[in-house]
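Chain by chain, the residues run as shown.
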Amino acid sequence: MAEKKKSRLKKLVLVGGVGFVGLLALGYGGLYVAAQAQLNRDVTAPEGDLALRDGDKDAIARGEYLVKHVMGCGHNDCHRADFGGGPVMDQQPIGRVYAPNITAGEGSVTKDYTGKDWARILRHGVKKNGKRALVMPSEDYVTFSDSDLAAAIAYIKAQPPVNRESLAHSLGPIGLLIAATEPVYAFDKIDHNHKPAEVKRGANKEWGQVMAGTCKGCHGEGYSGGKVPGGDPSWPAARNISPDEATGIGKWTFDQFEAAVRKGQRPDGSTLHDAMPWKMYQGMDDVDLKALWEYLRTVPAKPAGGR
Ligand code: HEC
């Protein structure tokens, strides 16, 4: 009798176990399907064109500054310092998210890009195959004029071609969850009717608004910070850079702002995490930094974390 009970119990545990594994498999399958549906969704971007400035000396010089100290195309784990690409992240359970080769070499995805293709990815966040780019922060660049974007492209194209294969993304369970549910597609965040004006560079808020476009991807549309969507999970939340006096930079002086942005030094003496690309902003010129300051002081104050 006791033996019978035991074996029945065993059976129950076994059936329960198989059921649980089955549920897990179903859940994972569902997640996989949901993520693939997001990754493979075809979208239509308004057709645009970008007047390329390839080979133009002034454009290359301007592009070098923008790429190295403002836009960060090759910064940290993005397209790499040689623009030949590499994994932005390659660790389970997120998996591999890959920034492709954007040089003129073999394996580059942009080798044959026309002005229309550049407009599609930079202005709208859409790849040549009509799918939305993942993690690529096109929304950060939409405030820049065509001539500035073309300058960045001219600089990248003037660098030595790199022959390196552009690997596909290969997502693990958490990567799939993020791809299925988080706002990690620039296409969904961009105002596709936005036509950036040709704003003159100067230490004023008009130019600052253009520059601050590059802070939005991390600090949020309202600059109040929060968890960075698609960012490395080990990163701290982006801080509040709106003029809120309690949690933002409302009581800061320009010198304190400069120390934070260029040296990663907070007013309390602590050092900012590398997720805030202050090493890249070290080379930002004074006009641009002042412009950012002038603009950020005019945005509505918001409590931290509201993005
Ligand atoms: C790739 C993401 C990213 C980008 C782009 C970025 N930031 Fe940050 N920023 C962060 C993170 C994350 C922190 C918080 C770091 C920490 O707490 O150590 C931060 C912190 C700061 C701080 C410190 C605030 C405080 O209270 O200490 C300032 C100031 C700042 N950022 C300004 C800017 C400006 C201006 C731009 C655009 C020119 C910008 N950031 C672009 C991620 C980013």
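Since this is a predicted model, take the numbers as computed values, not measurements. (Residues numbered from 1 in each chain as written. Predicted model: local features only at pLDDT ≥ 70, side-chain atom pairs only at ≥ 80, totals over all residues. Heavy atoms only, no water.)

### Here we look at the domain arrangement of the chain
Link 1 in the chain: On domain assignment, one finds that the chain holds domain 1 (57-189) and domain 2 (205-296).
Link 2 in the chain: Here the C-alpha centroids of domain 1 and domain 2 sit 22 Å apart.
Link 3 in the chain: At the junction of the two partners, domain 1 supplies 21 residues and domain 2 supplies 21 residues.
Link 4 in the chain: Both sides of the domain 1 and domain 2 interface together cover about 1600 Å² of buried area, and 60% of this is carbon and sulfur. (Domains from an automatic or database assignment. Contact = heavy atoms within 4.5 Å. Buried area = accessible area lost by both parts, 1.4 Å probe.)

### A short note on the packing of helix α7 (residues 205-219) against helix α10 (residues 286-296)
Link 1 in the chain: Close contact between α7 and α10 brings their axes to 7 Å; oriented N to C, the two are set at 95 degrees. On the basis of their axis angle, the class for α7 and α10 is roughly perpendicular. The residues of α10 that touch α7, namely those facing Lys205, Trp207, Gly208, Gln209, Met211, Ala212 and Cys215, are Asp288, Ala291, Leu292, Glu294 and Tyr295.
Link 2 in the chain: A per-class count over the contact of α7 with α10 returns seven nonpolar, two polar and three charged. (Axes fitted to C-alpha atoms, helices over the stretch in contact; angles between N-to-C directions. Helix = DSSP H or I, 4+ residues; strand = E, 2+ residues; numbered from the N terminus. Parallel < 35°, antiparallel > 145°, perpendicular 65-115°, else oblique. Nonpolar A, V, L, I, M, F, W, Y, C, P; charged D, E, K, R; others polar.)

### A few points about the site of the ligand
Link 1 in the chain: Inspection of the region around the ligand gives 20 residues, with Cys215, Cys218, His219, Arg266 and Met276 positioned closest.
Link 2 in the chain: Here an oxygen atom of the ligand and a side-chain polar atom of arginine 239 are 2.9 Å apart.
Link 3 in the chain: Within the side chain of arginine 266, one N or O atom sits 2.4 Å away from an oxygen atom of the ligand.
Link 4 in the chain: Those elements giving two or more residues to the shell around the ligand turn out to be α7 and α8 (254-263).
Link 5 in the chain: Top element by residues in the shell around the ligand is α7. It accounts for four residues.
Link 6 in the chain: Residues that form the shell around the ligand fall into these classes: 15 nonpolar, three polar and two charged. (Near = heavy atom within 4 Å. Polar contact = N/O pair within 3.5 Å; in protein donor to acceptor, adjacent residues only side chain to side chain.)

### Examining the coordination of the iron atom of the ligand
Link 1 in the chain: Taken together, His219 (NE2) and Met276 (SD) make up the full set of protein donors to the iron atom of the ligand, lying 2.0 to 2.1 Å away.
Link 2 in the chain: Given six donor atoms and angles of 86 to 179 degrees at the metal, the environment of the iron atom of the ligand is assigned as octahedral. Residue histidine 219 is located in helix α7, and its partner methionine 276 is located in the loop between α8 and α9 (278-281); the two are separated by 57 residues in the primary sequence.
Link 3 in the chain: You can call histidine 219 buried: its relative accessible area is 11%. (Donors = N, O, S within 2.8 Å, 3.2 Å for Na, K, Ca; no water. Tetrahedral: all angles 85-135°; square planar, octahedral: opposite > 155°, others 65-115°. Buried < 20%, exposed > 50% of the residue type's maximum accessible area, 1.4 Å probe, protein only.)

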